[in-house]
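Structural features, examined
Listed below are the residues making up each chain.
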Amino acid sequence: MTIQGEMIIGRRVVRGSAGTTRAFNPATRAQMEPEFGLATEDDVAAACNLAEQAFDTYRNLPLELRARFLEAIADRIMDIGPALIERASAESGLPTARLEGERGRTCNQLRLFAKVVRDGNFLDATLDSALPQRTPPRSDLRMRKIPLGPVAVFGASNFPLAFSVAGGDTASALAAGCPVVVKAHSAHLGTSELVGKAVRQAAEDCGMPDGVFSMLIGEGRVAGQALAAHPAIKAVGFTGSRQGGLALVRTANARKEPIPVYAEMSSINPVFMLPGALAAGGAKLAGAFVDSLTMGVGQFCTNPGLVIALAGADLDAFSASAAAALAAKGAGTMLTAGIHQAYVDAVGRRSGIEGVQLVGQGSAEGTGCAAQAALYACDAATYIASPALDEEIFGPASLVIACRDEAEMLAVARHLEGQLTATVHATAADRELAGSLLPTLERKAGRVLFNGFPTGVEVSHAMVHGGPFPATSDSRSTSVGATAIERFLRPVCYQDVPPELLPESLRDDNPLGLARMVDGTLQLAK
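In this text, all values refer to a predicted model and were calculated from it rather than measured experimentally.

**Observations concerning the overall build of the protein chain**
Check the secondary structure of the protein chain and you find 14 helices and 25 strands. In terms of overall dimensions, the protein chain is globule-like: its C-alpha atoms have a radius of gyration of 25 Å, near the 24 Å expected for 526 residues. Summarising its shape, the C-alpha atoms of the protein chain cover approximately 75 × 65 × 40 Å along the three principal directions. Each of the 526 residues in the protein chain was classed as buried or not, and the buried ones make up 56%. Excluding contacts between residues fewer than 6 apart, the proportion of contacts in the protein chain whose partners are at least 24 apart in sequence is 76%.

**A few points about the sheet that holds strand S10 (residues 180-183)**
Taken together, the 7 strands give an open sheet; going across it, the order is S2-S1-S11-S10-S9-S12-S13, and neighbouring strands pair in mixed fashion. The open sheet has two edge strands with one neighbour each: strand S2 (12-14) and strand S13 (261-264). Neighbour-to-neighbour, the strand axes of the sheet open up by a mean angle of 20°, direction not taken into account. Of the strand pairs in this sheet, strand S1 (residues 7-9) and S2 are connected by 3 bridges, and their pairing is antiparallel. Bridging across to S2, Met7 finds its partner in Val14. Together, S1, S2, S10 and strand S11 (213-216) form the strand contacts of helix H1 (residues 41-59), whose direction differs from that of S1 by roughly 45°. Sitting on the sheet, helix H6 (residues 189-205) is in contact with S1, S2 and S11, with an inclination near 165° to S11.

**Notes on the pattern of salt bridges**
Under the counting rule described, the total for this entry stands at 25 salt bridges. A salt bridge links Arg22 to Glu33; the nearest nitrogen and oxygen atoms lie 2.8 Å apart. With Arg22 in the loop between strand S3 (20-21) and strand S4 (24-25) and Glu33 in the loop between strand S5 (30-31) and strand S6 (36-37), the pair connects residues that are 11 residues apart, well separated along the chain. You can call Arg22 partly exposed: its relative accessible area is 25%. Here Glu257 makes a salt bridge to Arg255, at a shortest N to O gap of 3.8 Å. When its relative accessible area of 10% is taken as the criterion, Arg255 is described as buried. Shared partners join several salt bridges into a network, and the residues in it are Glu64, Arg68, Glu71 and Arg118.

**Comments concerning the sheet that holds strand S7 (residues 126-128)**
Strand pairing in a sheet is mediated by backbone hydrogen bonds. Such pairs are either parallel or antiparallel. Within the open sheet, the 5 strands sit side by side as S23-S8-S7-S24-S25. Their pairing is mixed. What marks the edges here is a single partner per strand, and that holds for strand S23 (489-495) and strand S25 (521-523). Neighbour-to-neighbour, the strand axes of this sheet turn through a mean angle of 25°, independent of strand direction. Taken together, the 2 bridges between S7 and strand S24 (residues 516-518) define a ladder with parallel strand orientation. Opposite Thr126, over in S24, you have Met517 as the bridge partner.

**Quick word on the side chain of Arg447**
Along the chain, Arg447 turns up in strand S22 (residues 445-450). The side chain of Arg447 is buried and forms no salt bridge, while Glu458, the nearest opposite charge, is found at 9.0 Å. For Arg447, the side chain forms a polar contact with the main-chain oxygen of Pro454, separated by 3.0 Å.

**Focus on the domain arrangement of the protein chain**
Along its sequence, the protein chain is organised into domain 1 (7-117 + 148-265 + 476-487) and domain 2 (270-450). The C-alpha-based centres of domain 1 and domain 2 are spaced at 33 Å. Taken residue by residue, the interface counts 16 residues in domain 1 and 18 residues in domain 2. Here domain 1 and domain 2 share an interface that buries about 1,300 Å² over both sides, 57% of which is from carbon and sulfur atoms. Linking domain 1 with domain 2 are 1 salt bridge, by the criterion used here. The salt bridge partner of Glu417 is Arg242, with a shortest N-O separation of 3.4 Å. Remark: the boundary between domain 1 and domain 2 carries 3 residue pairs in polar contact (both at pLDDT 80 or more). Grouping the amino acids of the side of domain 1 that touches domain 2 by side-chain chemistry returns 7 nonpolar, 4 polar and 5 charged.

**Some points on the nonpolar core**
Counting residues in hydrophobic clusters, the biggest one holds 95 residues, and the most contacted among them are Phe69, Ile73, Ile77 and Val236. When residues in this core are grouped by element, the largest group, 9 residues, is from helix H2 (residues 63-80). When near neighbours in sequence (up to four residues on either side) are disregarded, Val236 contacts Ala152, Phe154, Ala228, Leu248, Ile259, Pro260, Val261 and Tyr262. Grouped together as the second largest cluster of nonpolar side chains are 44 residues, Val297, Leu310, Ala371 and Leu389 included.

**Considerations on the UniProt feature "domain: Aldehyde dehydrogenase" (unreviewed entry) in the protein chain**
Taken from the UniProt record, the annotation "domain: Aldehyde dehydrogenase" (unreviewed entry) applies to residues 18-467. Helix makes up 45% of residues 18-467 and strand 18%, with an end-to-end C-alpha separation of 37 Å.

**Side note on the packing of helix H4 (residues 96-119) against helix H5 (residues 168-176)**
Two elements in contact, H4 and H5, have axes whose closest approach is 9 Å; the angle formed by their N-to-C orientations is 20°. The angle between H4 and H5 falls in the class roughly parallel. You can see that H4 and H5 cross each other, and the crossing is right-handed. Taking contact as the criterion, the partners of Gln109, Leu110, Phe113 and Val117 in H4 are, on H5, Gly168, Ala171, Ser172 and Ala175. Its residues assigned to classes, the contact of H4 with H5 shows 5 nonpolar, 3 polar and no charged.

**Details of the packing of aromatic side chains**
Tallied over the entire structure, the rule returns 6 aromatic pairs. Relative to Phe238, the ring of Phe154 lies with its centre 6.2 Å away and its plane at 70°, an arrangement referred to as edge-to-face. Within this pair, whereas Phe154 is found in strand S9 (residues 151-154), its partner Phe238 is found in strand S12 (residues 235-239), the two being separated by 84 residues in sequence. Residue Phe238 is classed as buried on the basis of its relative accessible area of 10%. Summarising the aromatic geometry, the rings of Phe159 and Phe163 are spaced 5.4 Å apart at their centres and angled 50° between planes, so their arrangement reads as tilted. Here the aromatic cluster, defined as three or more aromatic residues joined through ring pairs, consists of Phe159, Phe163 and Phe300.

Reading guide: rules and limits
Residues numbered from 1 in each chain as written. Predicted model: local features only at pLDDT ≥ 70, side-chain atom pairs only at ≥ 80, totals over all residues. Heavy atoms only, no water. Helix = DSSP H or I, 4+ residues; strand = E, 2+ residues; numbered from the N terminus. Rg over C-alpha atoms; globule rule 2.2 N^0.38 Å. Buried < 20%, exposed > 50% of the residue type's maximum accessible area, 1.4 Å probe, protein only. Contact = heavy atoms within 4.5 Å. Pairing = 2+ DSSP bridges. Axes fitted to C-alpha atoms, helices over the stretch in contact; angles between N-to-C directions. Salt bridge = Lys/Arg side-chain N within 4 Å of Asp/Glu carboxyl O. Lys, Arg positive; Asp, Glu negative; His and termini not counted. Polar contact = N/O pair within 3.5 Å; in protein donor to acceptor, adjacent residues only side chain to side chain. Domains from an automatic or database assignment. Buried area = accessible area lost by both parts, 1.4 Å probe. Nonpolar A, V, L, I, M, F, W, Y, C, P; charged D, E, K, R; others polar. Core = buried A, V, L, I, M, F, W, Y, C linked by side-chain atoms within 4.5 Å. UniProt positions renumbered as here; feature names shortened; annotations may be inferred. Parallel < 35°, antiparallel > 145°, perpendicular 65-115°, else oblique. Left-handed = near helix turned anticlockwise from the far one by under 90°. Phe/Tyr/Trp six-rings, centres within 6.5 Å; stacked < 30°, edge-to-face > 60°.

Written out as structure tokens, the structure is:
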């Protein structure tokens, strides 16, 4: 499949006419071929209007057809072959093995949502029988969830496949029954075109309505804002900076009809090293921590940006081991020139904060957008008094916070902003302290994990990848896992609707074979 610099608007392959742009190789700092045409406002409107026209047809298709469409997308992505990995690596600086794993994750989550669709439990079918003899009488009431409408999805910089054109937001929205209009990320234009055309082919193969999927290329403050503001769009999925996410929230709230924005934005993912764990294996923990910190050049939203522990010899030994492990880490290529410059600037600002000391650094040798890893330290009082230390540094930098006692450790936990993750390393000797921390961490994070590191987000039914602000703009949702579909659904109650007009999920004979709540009792699928 040859990259042509094109967008997809429904069934049409289109070249934008609002100017041109090129992809960028962060390892060489060279622009790449070909030129890509940028979307006009008319292109944005055309994609949104097509999505609106496709909505009722798509959402009312049999669930089996929707599931097959998701599986076909996964198949078409795999059919692209090595060309997809080669282009994604050139545009992102990410190694082949990482991208092959990410491609597998992308296809696996599409197939997971195909299973979710077939199961039908996301419909939440609920029936309350009429009670005509009761005083007052009760009508026949039936409820199911329906899709919100067309969804705008913004590709993420750090996952050119799994959080991009056919990533988790797109997969969950299509699974819910929502047409999708994607704004491709400028950092991986060729990758996005290859995947976008694969989705288009899958839609054609499966007989999906024109407009069920579109992919636009454009400048975020123009095309992105126009997309979020278009009246056909009923929800937004976004992964990126706090600034970008909040700009979309403002646009969505300023509409005549405000819409939900599910924005994953900023998280520093604290790791609490409790005394027993540090005493039992601080050196091993330090090595694992540094591996997690530098994985993917620190460009994960779950990167461990804080370590909190009690001051003392064990923490000193941990810090020394972490500094030694960090010194052995080479400088890695960051995703874009902008991300690299933002990292360099943020590390420079952190070095200038009074009370913060540099503990260790990785190698500075590298070409292109290479980043030098860094580890800093301060005491808890300095951390709590310095708002700048709550800011996420997107890259391989972390901060060790030394607490005088358990009370100060709990104070640090209470001070934290909302997070995607919070981690506790503990032994049996630490159970009381861990138990004291857990209620606070539940309020602060969407995922609490013990004796591991957060840089690994399983795509499964139980996973939560979300959290209180500023980790996300809506703490009630997740962008990873089966329940991500719930972001794009809303409940509808059907009162005394004639049986022949009821949707299949609510009919007495249950033709879909769903598990349903009937008069307050769960009835399993037949």
